[in-house]
Amino acid sequence: MTSAFHFDSLVWDWPIAIYLFLIGISAGLVTLAILLRRYHPEEGASNSRVMLTTLFIAPTSVMLGLVILIFHLTRPWTFWKLMFHYSVTSVMSMGVMLFQVYMVVLVVWLALIFRDEVAALQQRWLPKLAVIPRLLQRLLPLLRLIETVMLVLAVLLGAYTGFLLSALKSYPMLNNPLLPVLFLFSGVSSGIAVALLVAAFGPKGHLHSREVHFLHRLETPVVWLEIFLLAAFFIGLWLGDDGKLRALSAALGGGFWSWWFWLGVVGCGLIMPLLLKALGWGKAHFHILLISGASLCGVLLLRYFILYAGQMTVA
């Protein structure tokens, strides 16, 4: 049976969209946390709501995304081979290498920031491993260097989700050089939304803190940049060859995925947050829940749209 979610040219389905969404959240949160620490160092300590959100969600979303990817493979029990056998010609293999380095540096970076909490946990649960606090103390002078490496890895991971799809050269819509940049900034947008949603559930006074103000300052420019990248993405298809024109027509020429894009991605994910903020919303708990929830929903719907609409047309 042929439908919007089941058609002959479909190779990657909905679990991949969830995987791309979760990876984007992790990369976006880490990027935001590092930028906060660079521009407002006093706000990026271990008691920061943004840092605490990054601590719990950034590693968890990556691991959950990898679990989804592993069990979505035809032979998930052979996935471990990718972790030790690398190929520079395979986007998937390079992605596995990136994930491994990203997770190692992420754990070290977070451990250095939360070193006091790590030391307290070590003394309570692992008293014989006193080497851990000493090792973190020795690495502390390298924190800024590790943070720079972490920022580069987060940007690469956010862009990798787009490279993974753009490597499917037989699909004209997906084989687009703007896709990694679009996914990178939509991941940052999802990171902002998650951080603001966590802030909305915190103390009321926290909504007026400098770190929340920092997130609000980034929120609108990132949305406008997403709009620009989406416009450039579709203009590139419009100016492309016959395959890209057919892909553009299939995606936006009417039908299920066209409505999904205009109502879900554009209406809910882009226009609604901009319109509500222009009306002065964004200060109260309910306002943040509505705006950030709509933005996060729009990012997820964008992943679904690119994945499914992009596979409808084969070169």
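Residues numbered from 1 in each chain as written. Predicted model: local features only at pLDDT ≥ 70, side-chain atom pairs only at ≥ 80, totals over all residues. Heavy atoms only, no water.

Time to look at the packing of aromatic side chains. Taken as a whole, this structure holds 17 aromatic pairs when the rule is applied. Between Phe99 and Tyr160 the ring centres are 5.9 Å apart and the planes differ by 85 degrees, which places this aromatic pair in the edge-to-face class. Residue Phe99 is found in helix 3 (residues 91–113), and its partner Tyr160 is found in helix 6 (residues 143–166); the two are separated by 61 residues along the sequence. Neither residue differs from the other here; Phe99 and Tyr160 are each classed as buried. One aromatic cluster in this structure is built from Phe5, Phe256, Trp257, Trp260, Tyr304 and Tyr308. For the cation-ring pair, Arg303 lies above Phe183, with the distance from its terminal atom to the ring centre recorded as 4.2 Å. (Phe/Tyr/Trp six-rings, centres within 6.5 Å; stacked < 30°, edge-to-face > 60°. Helix = DSSP H or I, 4+ residues; strand = E, 2+ residues; numbered from the N terminus. Buried < 20%, exposed > 50% of the residue type's maximum accessible area, 1.4 Å probe, protein only. Lys NZ or Arg CZ within 6 Å of the ring centre and 35° of its normal.)

With 24 residues, helix 6 ought to run about 34 Å at 1.5 Å a step, and its terminal C-alpha atoms sit 34 Å apart, in line with that. The sharpest bend along helix 6 reaches about 30 degrees and sits at Tyr160. (Expected span 1.5 Å × (residues − 1). Bend = angle between axes of the 7 residues up to and from the residue.)

For the rest of this paragraph, the subject is the UniProt feature "transmembrane region" (unreviewed entry) in the protein chain. Per the UniProt entry, the sites bearing "transmembrane region" (unreviewed entry) are residues 16–36, 48–71, 91–114, 142–166, 178–201, 222–239, 259–276 and 288–309 in this numbering. The annotated region residues 178–201 carries 92% helix and 0% strand content, and the separation between its end C-alpha atoms amounts to 35 Å. Measuring from the first to the last C-alpha atom of residues 222–239 gives 25 Å, for a span that is 94% helix and 0% strand. (UniProt positions renumbered as here; feature names shortened; annotations may be inferred.)

Moving on, we get to a nonpolar patch on the surface. Together, Leu121, Trp125, Leu126, Leu129, Val131 and Leu135 give the surface a local cluster of nonpolar side chains, amounting to about 620 Å² of exposed area. Counting residues per element, the ones that place at least two in the nonpolar patch are helix 4 (115–125) and helix 5 (131–139). If you trace the backbone, Leu126 turns up in the loop between helix 4 and helix 5. Assessed through its relative accessible area of 44%, Leu126 is described here as partly exposed. (Patch = residues over 30% accessible without salt bridge, like charges linked within 9 Å, V, L, I, M, F, W, Y side chains within 5 Å. Areas by Shrake-Rupley, 256 points an atom, 1.4 Å probe, with all protein chains shown as cover. Salt bridge = Lys/Arg side-chain N within 4 Å of Asp/Glu carboxyl O.)

With respect to the helices and strands, Gln311 occurs in the segment after helix 11 (285–310). With residues near it in sequence (within four places) discarded, Gln311 still touches Phe7, Ser9, Leu10, Val11, Trp12, Tyr171 and Leu174. (Contact = heavy atoms within 4.5 Å.)

The tally for this structure, following the rule as stated, stands at 5 salt bridges. The partner of Arg38 in a salt bridge is Glu147, and the shortest N-O contact between them spans 3.4 Å. Pair noted here: Arg38 is in helix 1 (residues 14–39) and Glu147 is in helix 6, with a separation of 109 residues, a long-range link. The salt bridge involving Glu42 is made with Arg210; its shortest N-O contact spans 2.6 Å. With Glu42 in the loop between helix 1 and helix 2 (49–72) and Arg210 in helix 8 (residues 210–238), the pair connects residues that are 168 residues apart, well separated along the chain.

Our focus in this paragraph is the side chain of Arg303. Mapped onto the elements, Arg303 comes out in helix 11. Buried Arg303, no salt bridge; nearest opposite-charge side chain is Glu226, N-O distance 6.4 Å. Within the structure, Arg303 has its side chain in polar contact with the side chain of Ser186 (distance 2.6 Å). Setting aside residues no more than four positions away along its own chain, Arg303 makes contact with Ala17, Leu20, Phe21, Gly24, Phe183, Ser186 and Gly187. (Lys, Arg positive; Asp, Glu negative; His and termini not counted. Polar contact = N/O pair within 3.5 Å; in protein donor to acceptor, adjacent residues only side chain to side chain.)

Attention now goes to the nonpolar core. Tyr102, Trp109, Met173, Phe305 and Ile306 are the most contacted members of the largest nonpolar core, which totals 94 residues. Every residue in contact with Phe305, bar those within four places of it in the chain, is listed here: Met173, Phe234, Ala251, Leu252, Trp257, Trp260, Phe261, Val265 and Gly310. (Core = buried A, V, L, I, M, F, W, Y, C linked by side-chain atoms within 4.5 Å.)

What follows covers the packing of helix 8 against helix 9 (residues 242–252). Where helix 8 meets helix 9, the closest approach of the two axes is 7 Å, and the angle between their N-to-C directions is 130 degrees. Taken together, the axes of helix 8 and helix 9 are oblique relative to one another. Here Phe234, Gly236, Leu237 and Trp238 of helix 8 lie close against helix 9, whose contacting residues are Lys244, Leu245, Leu248 and Leu252. A per-class count over the contact of helix 8 with helix 9 returns 6 nonpolar, 1 polar and 1 charged. (Axes fitted to C-alpha atoms, helices over the stretch in contact; angles between N-to-C directions. Parallel < 35°, antiparallel > 145°, perpendicular 65-115°, else oblique. Nonpolar A, V, L, I, M, F, W, Y, C, P; charged D, E, K, R; others polar.)

Here helix 1 crosses helix 11 at 135 degrees, and the two axes come no closer than 9 Å. Judged by the inter-axis angle, helix 1 sits oblique to helix 11. The handedness of the crossing between helix 1 and helix 11 comes out as right-handed. Of the residues in helix 11, those touching helix 1 at Trp14, Ile16, Ala17, Ile18, Leu20, Phe21, Gly24 and Ile25 are Leu296, Val299, Leu300, Arg303, Tyr304, Leu307 and Tyr308. Looking at the contact of helix 1 with helix 11 residue by residue, the classes come out as 13 nonpolar, 1 polar and 1 charged. (Left-handed = near helix turned anticlockwise from the far one by under 90°.)

Relative to the helices and strands, Trp12 resides in the segment before helix 1. Residue class for Trp12 comes out buried when judged on its relative accessible area of 19%. As a C-alpha pair, Trp12 and Leu73 span 61 residues in sequence and 10.0 Å in three-dimensional space. Setting aside chain neighbours within four positions, we find Trp12 in contact with Leu164, Leu165, Leu168, Leu307 and Gln311.

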